[in-house]
Protein chains: 2
Amino acid sequence: MDNIKDLNTDENPDKSTEKLILKAAKDVFHRKGLAGARMQEIADEAGLNKAMLHYYFRTKDKLFEAIFSEECCGFFDKLADLINVDLPLLEKIEHFVENYTELLLKNSYIPAFIISEMHHNPEKIKHMFIDRIFSVKYKFLGDITTAVSLGLIKPVDPRQLIVNIIALCIFPIAARPMLTLMLEFNDKEYLDFIETRKKEVAKFIINSIKIN
Amino acid sequence: MDNIKDLNTDENPDKSTEKLILKAAKDVFHRKGLAGARMQEIADEAGLNKAMLHYYFRTKDKLFEAIFSEECCGFFDKLADLINVDLPLLEKIEHFVENYTELLLKNSYIPAFIISEMHHNPEKIKHMFIDRIFSVKYKFLGDITTAVSLGLIKPVDPRQLIVNIIALCIFPIAARPMLTLMLEFNDKEYLDFIETRKKEVAKFIINSIKIN
DNA sequence: TTTTGTATTAACCAAACGGTTAATGTGTAT
DNA sequence: ATACACATTAACCGTTTGGTTAATACAAAA
């Protein structure tokens with residue numbers, strides 16, 4: 001019998017070498033960070049010769065950059081979409097918490113990664129989102145300021161409210177290992193806990209700022 | 001006979017070599033993380049020969065362990081004190097938010113450090129707080145459960161409320177570089193912003209859970 | 001003074017690291 | 001069949017890394 005496992009046509013599609021590298025590198029950078037990641041480990045995880053990493057991406061820094069500038073752009077683009085949705089503030093907060101939490105779940109390594117690398121190598125990752133972040137901020141600030149001046153919510157410092165909202169969404173994802181330890185979660189329990197938060201966090205926020 | 005081996009004769013108080021190493025290592029580990037820190041950089045920052053680090057602490061891992069097991073113990077001990085204070089829940093939350101924020105400000109590197117290292121080297125740091133964290137959790141859970149059953153606050157999942165409270169306190173400290181970038185803070189503006197949160201976060205939480 | 005235990009240093013080492021190279025395989029158009 | 005461009009590999013290279021060592025400085029005890 002011929003072994004046809006290397007036939008890269010249909011059911012075993014040949015993920016291109018470049019894609020294999022990107023996937024392996026993403027996982028290793030996520031687990032170990034930029035400083036802790038090893039080119040050999042990435043090569044092993046991709047099942048490739050280490051020289052291939054340099055053939056496709058020249059240096060470790062450029063590989064790192066290639067992965068995370070793309071990841072960050074995609075992430076912040078979707079964040080911008082969530083902020084720009086056309087809804088009254090309270091419904092927008094409900095919509096935001098639910099969909100931002102889902103976005104974070106699908107990119108669960110990004111929050112801890114950004115927190116970590118912004119401390120260790122801020123110059124290397126700032127530029128990946130510095131442009132996109134301001135439009136998100138100004139839209140959100142404007143929405144809240146308007147809602148306050150229209151008397152739709154209690155008077156609050158819009159910056160404080162923004163930080164509260166993103167803190168409640170991001171922290172449980174970024175601190176997953178800590179929460180899992182403290183609350184003795186298994187994977188399913190943790191995911192259920194986060195799933196519940198999609199509705200509960202919005203209620204928690206709205207309860208606090210709505211006018212009785 | 002008194003041990004006077006550390007007699008400091010000159011006007012320049014001789015911080016013992018061990019203390020010099022610990023201080024320099026703490027700063028470097030904080031800036032670079034475990035994987036990114038270099039023994040030579042620690043030695044340079046302490047103004048000592050690199051061999052001294054090994055003479056006092058044998059290995060990089062043991063130096064890392066010596067610093068952060070002590071730091072974490074101190075930090076979680078103070079956290080336990082905050083939880084064990086004898087106050088009704090709502091006042092306890094006010095007291096907690098104010099003093100926990102202050103504790104975090106004084107140990108501002110710890111949150112991002114724990115988030116980062118729990119992702120990269122969980123086994124290496126779990127044991128530093130795994131014992132202390134459960135008593136804190138159970139006391140807090142009990143307080144909230146009692147307050148709910150007494151009808152002092154709205155019925156909430158105590159675990160969700162705990163996560164909300166610590167998220168609102170920890171995130172702005174852990175994500176300082178990101179907040180500083182997004183809200184265009186200088187150091188003073190950032191610290192003022194956090195200072196304001198000592199009162200505002202407690203109000204935000206209590207507004208949400210109090211019975212109208 | 002001599003001895004003795006500790007602190008400190010420069011020089012050194014093997015392993016691990018990121019990165020390069022030269023040779024070889026492979027598919028394709030001529 | 002040949003030629004050419006791209007893909008892949010093992011072996012290699014110079015540097016950096018954590019860690020060791022052997023020699024020495026130094027202060028207290030004998």
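Being a predicted model, the structure only gives us computed values, none of them experimental. (Residues numbered from 1 in each chain as written. Chains lettered and ligands numbered in written order. Predicted model: local features only at pLDDT ≥ 70, side-chain atom pairs only at ≥ 80, totals over all residues. Heavy atoms only, no water.)

Undergrad: Just checking my understanding: could you explain the domain arrangement of chain A for this structure?
TA: Accessible area lost upon the coming together of the parts serves often as the stated size of an interface. All names here are of chain A. You can read the domains of chain A as domain 1 (13-58) and domain 2 (69-209). Taking only C-alpha atoms, the centre of domain 1 and the centre of domain 2 are 30 Å apart. Each side of the interface is counted separately: domain 1 has four residues, and domain 2 has five residues. When domain 1 packs against domain 2, close to 440 Å² is buried across both sides, 67% of that on carbon and sulfur atoms. Of all residues in domain 1, Lys26, His30 and Leu34 give up the largest surface area on contact with domain 2, accounting jointly for 85% of the area buried on that side. Here domain 1 and domain 2 share one salt bridge between them. On inspection of domain 1 and its partner domain 2, the count reaches one residue pair in polar contact (both at pLDDT 80 or more). For the side of domain 1 that touches domain 2, the per-class residue count stands at one nonpolar, two polar and one charged. (Domains from an automatic or database assignment. Contact = heavy atoms within 4.5 Å. Buried area = accessible area lost by both parts, 1.4 Å probe. Salt bridge = Lys/Arg side-chain N within 4 Å of Asp/Glu carboxyl O. Polar contact = N/O pair within 3.5 Å; in protein donor to acceptor, adjacent residues only side chain to side chain. Nonpolar A, V, L, I, M, F, W, Y, C, P; charged D, E, K, R; others polar.)

Undergrad: How should the protein's contact with DNA strand D be read in this particular structure?
TA: Not every one of the 14 residues close to DNA strand D is listed here, only the nearest: Met52 and Tyr55 of chain A together with Arg38, Lys50 and Lys60 of chain B. Mapped by element, the contributors of at least two residues to the surface near DNA strand D are helix H3 (50-57) of chain A together with helix H3 (50-57) of chain B. Here the element with the most residues in the surface near DNA strand D is H3 of chain A; it accounts for four residues. The residue makeup of the surface near DNA strand D, split by class, is seven nonpolar, four polar and three charged. (Near = heavy atom within 4 Å. Helix = DSSP H or I, 4+ residues; strand = E, 2+ residues; numbered from the N terminus.)

Undergrad: What is the right way to look at unusual backbone geometry in this model?
TA: For residues that are not glycine, phi is negative in most cases, and the peptide bond is trans in most cases. Residue and element names in this part refer to chain A. One non-glycine residue, Arg58, lies in positive phi territory at about 65°. Within the fold, Arg58 resides in the loop between H3 and helix H4 (60-84). In this structure Arg58 comes out as exposed when scored by relative accessible area, which is 61%. (Buried < 20%, exposed > 50% of the residue type's maximum accessible area, 1.4 Å probe, protein only.)

Undergrad: Even after reading the chapter, I still don't get the protein's contact with DNA strand C, so can you show me in this structure?
TA: Residues in close proximity to DNA strand C total 15 residues, the closest being Arg38, Lys50 and Lys60 of chain A together with Met52 and Tyr55 of chain B. Interatomic distance of 3.4 Å between a backbone N/O atom of Ala37 of chain A and a phosphate oxygen of DNA strand C. Among the secondary structure elements, those contributing two or more residues to the surface near DNA strand C are H3 of chain A together with H3 of chain B. Ranked by residues supplied to the surface near DNA strand C, first place goes to H3 of chain B with four residues. By residue class, the composition of the surface near DNA strand C is seven nonpolar, four polar and four charged.

Undergrad: Before we go on, may I ask you to explain the relation of the copies chain B and chain A in this structure?
TA: Note on the chain copies: they are related by a rotation about an axis and a translation along it. Least-squares fitting of chain B to chain A yields an RMSD of 0.1 Å, with the transformation described by 0.0 Å of translation along the axis and a rotation of 180°. Within this description, the copies of the chain are treated as partners about a two-fold rotation axis. Among all residues of chain B, the one whose C-alpha sits closest to the rotation axis is Ser208 of chain B, at a distance of 2.0 Å. In this assembly, 100% of the residues forming the interface of chain B have copies in chain A that are likewise at the interface, indicating an isologous arrangement. (Least-squares fit on C-alpha atoms with pLDDT ≥ 70 in both.)

Undergrad: Sorry if this is basic, but what is going on with the pattern of salt bridges here?
TA: All told, the structure shown has 35 salt bridges over all chains when counted by the stated rule. The closest approach of N and O atoms between Asp143 of chain A and Lys139 of chain A, which form a salt bridge, is 3.2 Å. Of the two residues, Asp143 of chain A and Lys139 of chain A are both situated in helix H8 (residues 130-149); the distance of four residues between them amounts to about one turn of the helix. In this structure Asp143 of chain A comes out as buried when scored by relative accessible area, which is 17%. Between Arg159 of chain B and Asp157 of chain B there is a salt bridge, and its shortest N-O distance comes to 3.2 Å. Taken together, the salt bridges that share partners define one network made up of Arg31, Lys32, Glu41 and Glu45 of chain A.

Undergrad: Would you mind going over the interface of chain B and chain A with me for this structure?
TA: Listed by partner, the interface residues are 54 residues for chain B and 54 residues for chain A. Interface of chain B and chain A: buried area, both sides summed, is about 5,000 Å²; carbon and sulfur atoms make up 72% of it. One can count two salt bridges joining chain B with chain A. Note that Lys137 of chain A and Glu184 of chain B form a salt bridge whose closest N and O atoms lie 2.9 Å from each other. For the interface between chain B and chain A, the tally reads 17 residue pairs in polar contact (both at pLDDT 80 or more). Mapped onto the side of chain B that touches chain A, the elements with two or more residues apiece are helix H1 (17-36), helix H6 (110-120), helix H8 (130-149), helix H9 (158-174), helix H10 (176-182) and helix H11 (187-209) of chain B. Top element by residues in the side of chain B that touches chain A is H9 of chain B. It accounts for 13 residues. Tallied by class, residues from the side of chain B that touches chain A come to 33 nonpolar, twelve polar and nine charged.

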